[in-house]
Amino acid sequence: MRKDFGVKTWGYPMPVFIVAAYDKDGKPNCMNAAWGGIYDTNQIMVCIADDHKTTQNIIESGAFTVSIADAKHVIEADYVGIVSGNKVPDKMEKAGLTTTKSAFVNAPIINEFPMTVECKLLKFNEDGICIGEIVNVSADVSVLGEDGQIDPEKLQAITYDPVHHTYIKLGEKVGNAFSDGKKLK
């Protein structure tokens, strides 16, 4: 038996992306964007309204970063999503977030979030879809495994639960992609 809920914006998992860009004076701003993902090969997309300060910064600078929010910084990640940079110009400072300029694009890397996707703006659609070309992915060495790659258990990425309005830390490995399904061949 199934229960119908009607039209809802529910999807699992929903990443918690912290999108950051510089304004015309080089001041960083960021926002929490739960609607986004990989768009195409070497491309990422986030759905953000045009009235966000971060949106205007992306359009002006032509670049942005997408940090993966982690369990250690859930309060900061939530704060930058509920406070507007248009109303609180120092919201990053209030959140205790610091930045370093990306070596690849004109956008800030938020030091506190251990994984960042650095992007060049490709287009911003009239329906709020911001598409960026991924030019680099950087990660703090603290989240790397013995193989030198990002270790999901160390990263402790969080997802947004749209049903209960909570954040959930990603859990344990349950299978092997492009491999386990071969058992059914």
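To keep things clear, this report deals only with the structure shown in the data block.

## Quick look at the environment of valine 80
Next, step 1: The residue valine 80 is located in helix H2 (residues 74-82) in this model.
Next, step 2: In the structure, valine 80 is positioned 77 residues away from alanine 157 in sequence and 17 Å away in space, judged by C-alpha atoms.
Next, step 3: Setting aside residues up to four positions removed in sequence, valine 80 forms contacts with Ile18, Cys30, Met31, Asn32, Lys91, Ala95 and Leu97.

## What about the sheet that holds strand S12 (residues 166-169)?
Paired through backbone hydrogen bonds, the strands of a sheet run either parallel or antiparallel to each other.
Next, step 1: If you trace the three strands from one edge of the open sheet to the other, you get S1-S11-S12, paired in antiparallel fashion. Only two strands of the sheet have a single neighbouring strand rather than two, namely strand S1 (14-15) and S12.
Next, step 2: Pairing of S1 with strand S11 (residues 158-161), which is carried by two bridges, proceeds in the antiparallel orientation. Within S11, the position partnered with methionine 14 by the bridge is tyrosine 160.

## What about the pairing of strand S9 (residues 115-124)?
Next, step 1: Sheet analysis places strand S6 (residues 63-68) next to S9, joined by five bridges and oriented antiparallel. Its bridge partner lying in S9, serine 67 is registered against threonine 116.
Next, step 2: Direction of pairing for S9 relative to strand S10 (residues 129-139): antiparallel, over a ladder of nine bridges. For threonine 116, the partnering residue across the bridge sits in S10 and is serine 138.
Next, step 3: The antiparallel hairpin formed by S9 and S10 contains four residues in its connecting segment, where glycine 128 sits at a positive phi of about 90°.

## Re the pattern of salt bridges
Pairing of side chains with opposite charge becomes possible as their charged atoms draw close.
Next, step 1: Taken as a whole, this structure holds two salt bridges when the rule is applied.
Next, step 2: Here aspartate 23 and lysine 53 are joined by a salt bridge, their closest N and O atoms 3.8 Å apart. Separated by 30 residues along the polypeptide, aspartate 23 in the loop between strand S2 (17-22) and strand S3 (28-33) and lysine 53 in helix H1 (residues 53-61) bring together distant segments of the chain.
Next, step 3: Two residues, glutamate 133 and lysine 120, come together in a salt bridge whose shortest N-O distance is 3.2 Å. Here lysine 120 lies in strand S9 and glutamate 133 lies in strand S10, a separation of 13 residues in the sequence.
Next, step 4: With relative accessibility at 27%, the residue glutamate 133 sits in the partly exposed group.

## Quick notes on the nonpolar core
Next, step 1: In terms of nonpolar packing, the biggest core is built from 20 residues, with Val19, Ile58 and Phe64 touching the most fellow members.
Next, step 2: Counting residues per element, the ones that place at least two in this core are S2, S3, strand S5 (43-47), S6 and S9.
Next, step 3: For this core, the element with the highest residue contribution is S9, accounting for four residues.

## Some thoughts on the pairing of S2
Next, step 1: Taken across its six residues, S2 has six buried, putting it largely inside the fold.
Next, step 2: Residues Phe17, Val19 and Ala21 point to one face of S2 and Ile18, Ala20 and Tyr22 to the other, with burial holding for every one of them.
Next, step 3: Strand direction decides the pairing type here: S2 and S3, joined by six bridges, are antiparallel. What sits directly across from alanine 20, in S3, is cysteine 30.
Next, step 4: As consecutive antiparallel partners, S2 and S3 are separated by five residues, and within that stretch glycine 26 has a phi angle of approximately 85°, a positive value.
Next, step 5: Of the pairings in the sheet, the one linking S2 to S6 comprises four bridges and is antiparallel in character. Bridge pairing in S6 places isoleucine 18 opposite serine 67.

## Some remarks on the sheet that holds S2
Next, step 1: Spatially, the seven strands line up as an open sheet ordered S3-S2-S6-S9-S10-S5-S4, and their pairing is antiparallel. In this open sheet, the two strands that pair with only one neighbour each are S3 and strand S4 (36-40). Adjacent strand axes in the sheet meet at a mean angle of 35°, parallel and antiparallel pairs treated alike.
Next, step 2: Across the sheet, H1 touches S2, S3, S6, S9 and S10, and the angle it forms with S2 is around 50°.
Next, step 3: Contacting S2 and S3, H2 crosses the sheet at an angle of about 100° to S3.

The rules behind the values
- Residues numbered from 1 in each chain as written.
- Predicted model: local features only at pLDDT ≥ 70, side-chain atom pairs only at ≥ 80, totals over all residues.
- Heavy atoms only, no water.
- Helix = DSSP H or I, 4+ residues; strand = E, 2+ residues; numbered from the N terminus.
- Contact = heavy atoms within 4.5 Å.
- Pairing = 2+ DSSP bridges.
- Salt bridge = Lys/Arg side-chain N within 4 Å of Asp/Glu carboxyl O.
- Buried < 20%, exposed > 50% of the residue type's maximum accessible area, 1.4 Å probe, protein only.
- Core = buried A, V, L, I, M, F, W, Y, C linked by side-chain atoms within 4.5 Å.
- Axes fitted to C-alpha atoms, helices over the stretch in contact; angles between N-to-C directions.

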